[in-house]
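Chain residues, written in single-letter form:
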Amino acid sequence: MNDNVNHPSHYNVEGKKECIDEMIDLFGIENTIIFALLNAYKYMYRDGLKSLSLDDREKAKWYLDWVDNKIKVYRLQNTVCAQYYYNLVSKYKSTYLN
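Scope of this entry: the structure provided in the associated data block. Only a predicted model underlies this, so the values are computations on that prediction, with no experimental measurement involved. (Residues numbered from 1 in each chain as written. Predicted model: local features only at pLDDT ≥ 70, side-chain atom pairs only at ≥ 80, totals over all residues. Heavy atoms only, no water.)

**What about helix H2 (residues 19–27)?**
As a reminder, the rule being used: Each residue is placed in one exposure class: buried if its accessible area under a 1.4 Å probe, protein chains only, is under 20% of its type's maximum, exposed if it is over 50%, and partly exposed if it falls in between. The helix count covers DSSP runs of H or I at least four residues long, the strand count covers runs of E at least two residues long, and both are numbered beginning at the N terminus. The directions considered for the arc are those from the helix axis to the C-beta atoms.
Where H2 is concerned, the buried positions are Ile20, Met23 and Ile24. Looking straight down H2, one finds its buried side chains confined to an arc of 100°; they lie on one side. Residues of H2 that are exposed and point more than 90 degrees away from the buried face comprise Asp25 and Leu26. Looking one or two residues beyond H2, the residue adopting positive phi is Gly28, at roughly 90°.

Laid out in C-alpha cells, this is it:
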C-alpha cells in the first residue's frame, strides 16, 4: 500500500499523534470506528468515479482493516459499531477484502 493511502503526510503533523489516534482520544474508540466505517463506505461508493480509483479502493481497505483490528484489540465484537462493520464487509467482501 502506498504512503498516500497508508499514512498520508497530511494526516501526520510533526510532534503530534496521527490524526486517527487523536480522534480516539477526543471522541472515543467506538465513535472513531463509526467514522472509519463511514469513510470506507464513501470510498467504496465512489469507486470507479475518479481517476484515482485504485487509491480509493486501497483507502477503503485500509479503513476496513483498521476497524477489524480495533474491534479485536478493544474487544468490541458485540457492539453496534461491530455490527455495522460486519454488515459492510458482507456487502463488499468480494471487492475489498481479497
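**Some remarks on the environment of Ser90**
Threshold: Polar contacts here mean pairs of N or O atoms no more than 3.5 Å apart (in protein, one a potential hydrogen donor and the other a potential acceptor; neighbouring residues in sequence count only if both atoms are side-chain atoms).
By the secondary structure assignment, Ser90 is in helix H5 (residues 80–96). The exposure class of Ser90 is exposed, given its relative accessible area of 58%. Among the polar contacts made by the side chain of Ser90, one reaches the main-chain carbonyl oxygen of Asn87 at a distance of 2.9 Å.

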